[in-house]
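Spelled out from the first residue to the last, the chains are:
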Amino acid sequence: MIGILVALVLFALYQIVAPFLISSTVVRESMERAVAQWTGHDVTIEGVPDIRFWPEPRITLREITIRKQADGGERVLGRVSRLSASFDLFEALLGRPEFEDFHLTNPEIYILRDANGRLDWANDGLLSRAVREAKADGGGQSLPSGDDAQMGDVKITNGNLEVSDIASGRVTRFASINGDLHWPWLSRSLNIRADGEMNGRRLAIDISSSQPLLLLSGKSGNASGSVESDLLRGRFNGTANLAAHAFLSGDAELAIPDLSSAMAWSGVHFDGTERLKSLSLSARLVTNDEALRFENLSLSLNDAKATGILDLILPPDRLPRLTGTLAFDRMDFSGVLAAIAPRSGDGQNNGLRNRLELDLRLSAQQATLGPFQLAEAAMSVMNTAEQSRIDIVDSDFETGRLTGRIATTKGGASGGIALHLSVQSADFGDIVRELGLAGPLPGARGSLELSLDADRSLTTEAWRNAKGTIRFRTERGSLPGVNLAGIRQLATQKPYFPLSEAGGGNLEFDSIDISADLKGGSADIREGKLVGPGETIALSGVVSYVNNSLALSASIQPPAQGAGAAPLMVFIGGSWPNPVIWSISQAPPPKVAE
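Residues numbered from 1 in each chain as written. Predicted model: local features only at pLDDT ≥ 70, side-chain atom pairs only at ≥ 80, totals over all residues. Heavy atoms only, no water.

(A) Here's a closer look at the overall build of the protein chain. On a plain count of helices and strands, the protein chain comes out with 10 helices and 34 strands. When each of the 594 residues of the protein chain is scored for burial, the buried share is 41%. Taking all contacts inside the protein chain whose residues are at least 6 apart in sequence as the whole, residues at least 24 apart take part in 49%. Carbon and sulfur atoms form 54% of the exposed surface of the protein chain, whose accessible area is close to 30800 Å². (Helix = DSSP H or I, 4+ residues; strand = E, 2+ residues; numbered from the N terminus. Buried < 20%, exposed > 50% of the residue type's maximum accessible area, 1.4 Å probe, protein only. Contact = heavy atoms within 4.5 Å. Areas by Shrake-Rupley, 256 points an atom, 1.4 Å probe, with all protein chains shown as cover.)

Structural data, given as structure tokens:
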């Protein structure tokens, strides 16, 4: 008991007497020297130091500035309003105090990321030498004993960090940083827990690495961590590399519930992605040379879910390239077209296809294309410097089959776009209803072939001025709202009349075959024939799909047994869906406006 009491008295005397034996000048100069040794750059301290010994020995320096020599003068690397650190009294008595457990208040740190991805902040200081000399050692790292140093814990209050990327010219700023860095020795593991503000949003990170020096040197090192904000959540566990392309290998998860807000916050924008509301993914990342593979990928876009495998290839001399296969449970083809459809000649560079080469195979059990539902659909997406192309390779469509392609014209006029659409054995009665079209349109199973070439980007005007061809063929069906008997009767009574006056009913037919040239917003019918059980109707003329106007000639041929009767010749004008009919034999057709 007496021994313990004596020890306590000696400790108290040591704590009381030691401050009078320690030179505050020595402690201050040692602290200044330590900061310079750590950074390897010039350090100036303008404030008056403060040394306290209770409850632990601690020194506080104020108004610290760290500079380095650069071309044309000096560059400020950092400023710290207040820097404090603890030190050991015994070591201080010997005149060689060692510092640990730092606290930085209002620090401002400026970092340059060079073209190779290396963080060029330190020079010949302790940290820089340790970064250069660090070697991988199993799952950790090793250092020569002369390059190792004790750091302890670092607490940051209200910090600011600015990272300038030389390769991209982009500057990223983090403000109001509060957190803790736990790094007992440079040769050991590191853990950072902090939160801060980026572009007006709070962001929290938790990062650990058993090979932090390798990461700082631009080499690959073990890393795990998470990032969270009100816009996104991400987790990673594996191997990271902070060099030019910041590769990762390991298990990764990312969830972005509000994609548009997240893109606006990050400063990233791709034209055509407005339909994407949310995104989440999980995958096993594998790095191989210049490629990052997403294995066992599980992806969600809005309410659609997909699995598959993707490769992101980052060649040094061309655009990044994304290749792979994704199988969706359901997909909105209209959204895919909006995001990556060719838009040649628009003079913009914000589209996804202008920043990324693509070679993707997509499939979906269920898909939508405008108002239509497709099943067992397959699509391929290709985008290179030479051509962009989207192919609907196959799909079940209205009890038939739909295929198509939209592509930039290879070797064609600047901004040329080619579209081809093929519908085989589909129910066009259902198609008409899905589109909400009015007027006498055929209800029958049939096929459609459409080819269009547009000379400009895909605007409404470009589609109106597109050139191409269309052919429509059907099997047996009916044409609602057409009464041939009523038309024949009114043709003998009136010079002209609306189709609706001829009465209701359905015109039954055995087949329809119509071919037309498309140009300037109009379809010029080369050949049109409706074959019925009684009459045969031959059509020719122009249909404007810009203003729905009609200028058609029709010959209604009587059945073979009535060969003695003359065919009825009529002119069909007005506008769709309420055409007007003139009997050519009784009154001349009106002049069509130019």
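That was the structure; now back to the text.
(B) Just helix α8 (residues 428-435), in detail. Of the positions making up α8, those classed as buried are F428, G429, I431 and V432. Projected down its long axis, α8 carries its buried residues within an arc of 160°, all on one side. Buried residues belonging to α8 abut β21 (372-383), β22 (388-397), β24 (417-427), β25 (443-454) and β26 (467-480). Backbone nitrogen of G429 and a side-chain oxygen of the N-cap are separated by 3.0 Å at the start of α8; the cap is D427. Directly after α8, the chain includes G436, whose backbone phi takes a positive value near 70°. (Arc of directions from axis to C-beta. Polar contact = N/O pair within 3.5 Å; in protein donor to acceptor, adjacent residues only side chain to side chain.)

(C) Focus on the packing of aromatic side chains. Inspection of the entire model under this criterion finds 4 aromatic pairs. Ring-pair connections join several aromatic residues into one group, and the members of that group are Y496, F571 and W582. (Phe/Tyr/Trp six-rings, centres within 6.5 Å; stacked < 30°, edge-to-face > 60°.)

(D) Seen up close, the environment of F397. Here F397 shows up in strand β22. C-alpha separation for the pair F397 and S425, spaced 28 residues apart in sequence, amounts to 9.0 Å. F397 has contacts with F372, Q373, L374, L402, V423, A426 and I431, leaving out every residue within four places of it along the chain.

(E) Spotlight on the pattern of salt bridges. A complete count under the given rule lists 25 salt bridges for this structure. Of the charged contacts, one joins D359 and R361 as a salt bridge, the two residues approaching to 3.1 Å between their closest N and O atoms. According to the relative accessible area criterion, R361 is partly exposed, its value standing at 38%. When the shortest N-O distance is used, the salt bridge between R526 and D517 registers 2.5 Å. Look at R526 and you get partly exposed, because its relative accessible area is 49%. Linked by salt bridges that have partners in common, R318, R321, E357, D359 and R361 make up one network. (Salt bridge = Lys/Arg side-chain N within 4 Å of Asp/Glu carboxyl O.)

(F) Here's a closer look at the pairing of strand β28 (residues 506-509). In β28, alternate side chains face the same way, and those of L507 and F509 are buried while those of N506 and E508 on the opposite face are not. The pairing of β26 with β28 spans 4 bridges and is classified as antiparallel. The residue of β28 that forms the bridge with S478 is E508. (Pairing = 2+ DSSP bridges.)

(G) Summary view of helix α10 (residues 484-491). Along α10, the residues classified as buried are L484, G486, I487, L490 and A491. Summarising the axial view, the buried residues of α10 lie within an arc of 160°, below the 170-degree limit, and thus occupy one face. Where α10 is buried, its residues touch β27 (496-498), β28, β31 (536-544), β32 (550-557), β33 (568-575) and β34 (578-583). Of the residues flanking the start of α10, the one acting as N-cap is N483, its side-chain oxygen 3.2 Å from the backbone nitrogen of A485.

(H) Representation of the side chain of S555. Relative to the helices and strands, S555 resides in strand β32. A relative accessible area of 18% places S555 in the buried class. In this structure S555 touches T536, I537, A538, P567, L568 and M569, once residues within four positions along its chain are discounted.

(I) Quick look at the side chain of S209. Within the secondary structure, S209 sits in strand β12 (residues 201-209). For S209, a relative accessible area of 5% puts it in the buried group. At 3.0 Å, the side chain of S209 and the backbone nitrogen of Q211 are in polar contact. Leaving out residues up to four positions away in the same chain, S209 has contacts with S189, L190, L215, N222 and A223.

(J) Representation of the confidence of the model for the protein chain. A residue-level look at the protein chain finds 84% of positions with pLDDT of 70 or above and a mean pLDDT of 83. With pLDDT under 50 throughout, residues 9-14 is counted as low confidence; its partners more than four residues away or in other chains account for 5 contacts. When the criterion is pLDDT under 50, residues 586-590 qualifies, and its contacts beyond four places in sequence or with other chains add up to 9 contacts. (pLDDT = per-residue confidence, 0-100.)

(K) Broad picture of the nonpolar core. By size, the foremost hydrophobic cluster in this structure holds 85 residues, and its most contacted members are F328, F333 and I487. Element by element, the count of residues in this core is highest for strand β20 (residues 357-369), at 6 residues. Ignoring anything within four residues of it in the chain, the contact list for F328 reads L301, A304, K305, A306, L362, S363, A364 and Q365. Judged by nonpolar contacts, the second largest core, of 32 residues, contains M31, A34, I45 and F53. (Core = buried A, V, L, I, M, F, W, Y, C linked by side-chain atoms within 4.5 Å.)

(L) Main features of the pairing of β33. Sheet topology places β32 next to β33; 5 bridges connect them, and they run antiparallel. Paired with A554 across the two strands is V570, which belongs to β33. Across 6 bridges, β33 lies against β34 in antiparallel orientation. Opposite V570, over in β34, you have S583 as the bridge partner. Between β33 and β34, which pair antiparallel in sequence order, lie 2 residues.

(M) How the structure looks around the environment of R355. Tracing the backbone shows R355 in the loop between α7 (333-340) and β20. Remark: the alpha-carbon pair of R355 and P320, spanning 35 residues in sequence, is separated by 7.4 Å.

(N) Structural detail: unusual backbone geometry. Following W576, the chain continues into P577 via a peptide bond in cis, with omega recorded as 15°. Here P577 is to be found in the loop between β33 and β34. Phi is positive for E398, which is not a glycine, with a value near 45°. With respect to the helices, strands and loops of the structure, E398 is situated in the loop between β22 and β23 (400-408).

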